Amino acid sequence: MRSQYAHADGINFSTRKWVRPEDMNANGSLFGGSLLRWIDEEAAIYAIIQLGNPHVVTKLISEINFEASAREGDLIEMGLVATEFGRTSLTMRAVVRNMITRKTILSIERIVFVNIGPEGVPVPHGYTEITYDRDRMPHADEMPNRDED
Ligand SMILES: CC(C)(COP(=O)(O)OP(=O)(O)OC[C@H]1O[C@@H](n2cnc3c(N)ncnc32)[C@H](O)[C@@H]1OP(=O)(O)O)[C@@H](O)C(=O)NCCC(=O)NCCS
């Protein structure tokens, strides 16, 4: 049974970035590749928190609609919301906004992450609802490449 969530509703713009010189393209505006790296990382963190598993991978990023840009020194904010809990996957919607111009920089309708097991193949995650807490946070001993503290 899959759960559906309303599209824009519930997006929490939890991460902000200060656009710096190394984030620019040759035209003097924000480089799309920088933005995609930030969104992919943001989506990975969101998926880890939702699925309680540090071993998640990007499966699909749907059409990316770059609607506006940002300049050096602008502040931008990124938000994600889970739109569908599959058996082994989690689908999210992403929106990035320019806090200075108040324009939407981009929206991505579907970002799909897959929950990976110890054998490196998809495994069921067992979740159907969004958590707004940290109740599924992985334990330290589940984290990759981590020795005992
Ligand atoms: C992720 C990976 C393990 C999935 O393998 P797979 O053979 O497609 O696995 P499955 O067919 O069992 O599908 C797994 C889930 O992904 C979903 N999925 C597969 N292909 C999809 C696609 N094109 N679009 C959306 N969802 C897709 C399936 O519906 C399934 O979800 P569900 O269990 O919730 O229904 C494999 O594709 C992989 O390793 N990809 C590389 C991932 C990676 O390295 N990402 C980092 C960027 S390089």
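Residues numbered from 1 in each chain as written. Predicted model: local features only at pLDDT ≥ 70, side-chain atom pairs only at ≥ 80, totals over all residues.

Time to look at the pairing of strand 7 (residues 104–115). Bridging between strand 3 (residues 56–61) and strand 7 involves five bridges; their strand directions are antiparallel. When the bridges of strand 7 are listed, T58 appears paired with F113. By the bridge criterion, three bridges tie strand 4 (residues 64–66) to strand 7 in an arrangement that is antiparallel. Bridge pairing in strand 7 links I64 to I108. Of the strand pairs in this sheet, strand 6 (residues 89–98) and strand 7 are connected by eight bridges, and their pairing is antiparallel. Within the sheet, the bridge partner assigned to V96 lies in strand 7 and is L106. Connecting strand 6 to the next strand, strand 7, in antiparallel fashion are five residues, including R102 with a positive phi near 65 degrees. (Pairing = 2+ DSSP bridges. Helix = DSSP H or I, 4+ residues; strand = E, 2+ residues; numbered from the N terminus.)

The next subject is the site of the ligand. The ligand sits among V57, T58, K59, L60, G86, R87, T88, S89, V112, V114 and P122. Going through the elements one at a time, strand 3 and strand 7 are the ones with two or more residues in the shell around the ligand. With four residues, strand 3 is the single largest residue contributor to the shell around the ligand. In terms of residue class, the shell around the ligand is made up of five nonpolar, four polar and two charged. (Near = placed C-beta within 6 Å. Nonpolar A, V, L, I, M, F, W, Y, C, P; charged D, E, K, R; others polar.)

A rise of 1.5 Å per residue sets the reference length of helix 1 (residues 32–51), with its 20 residues, at 28 Å; its end C-alpha atoms lie 28 Å apart and thus fit the reference within 8%. Those residues of helix 1 that are buried lie in contact with strand 2 (12–18), strand 3, strand 5 (75–85), strand 6 and strand 7. Of the residues flanking the end of helix 1, it is G52, one or two places downstream, whose phi is positive at about 65 degrees. (Expected span 1.5 Å × (residues − 1). Contact = placed C-beta atoms within 7 Å.)

Considering the arrangement of structural elements, one finds I105 in strand 7. Among the residues examined, I105 registers 22 C-beta atoms within 10 Å and is labelled buried. Once the C-alpha coordinates of I105 and N65 are considered, the two residues, 40 residues apart in sequence, prove to be 8.3 Å apart. When sequence neighbours within four positions are dropped, the list of residues in contact with I105 reads E67, A68, S69, A70, I76, V96, R97 and N98. (Buried ≥ 20, exposed ≤ 12 C-beta atoms within 10 Å, placed from the backbone.)

Per-residue pLDDT for the protein chain averages 92, and the proportion of residues at 70 or more is 93%. By mean pLDDT, the top-scoring element of the protein chain is strand 3 (98), and the lowest-scoring one is strand 1 (residues 3–4) (38). Below a pLDDT of 50 lies the segment residues 1–8, which in the model reaches 17 contacts outside its immediate sequence neighbourhood of four places, other chains included. (pLDDT = per-residue confidence, 0-100.)

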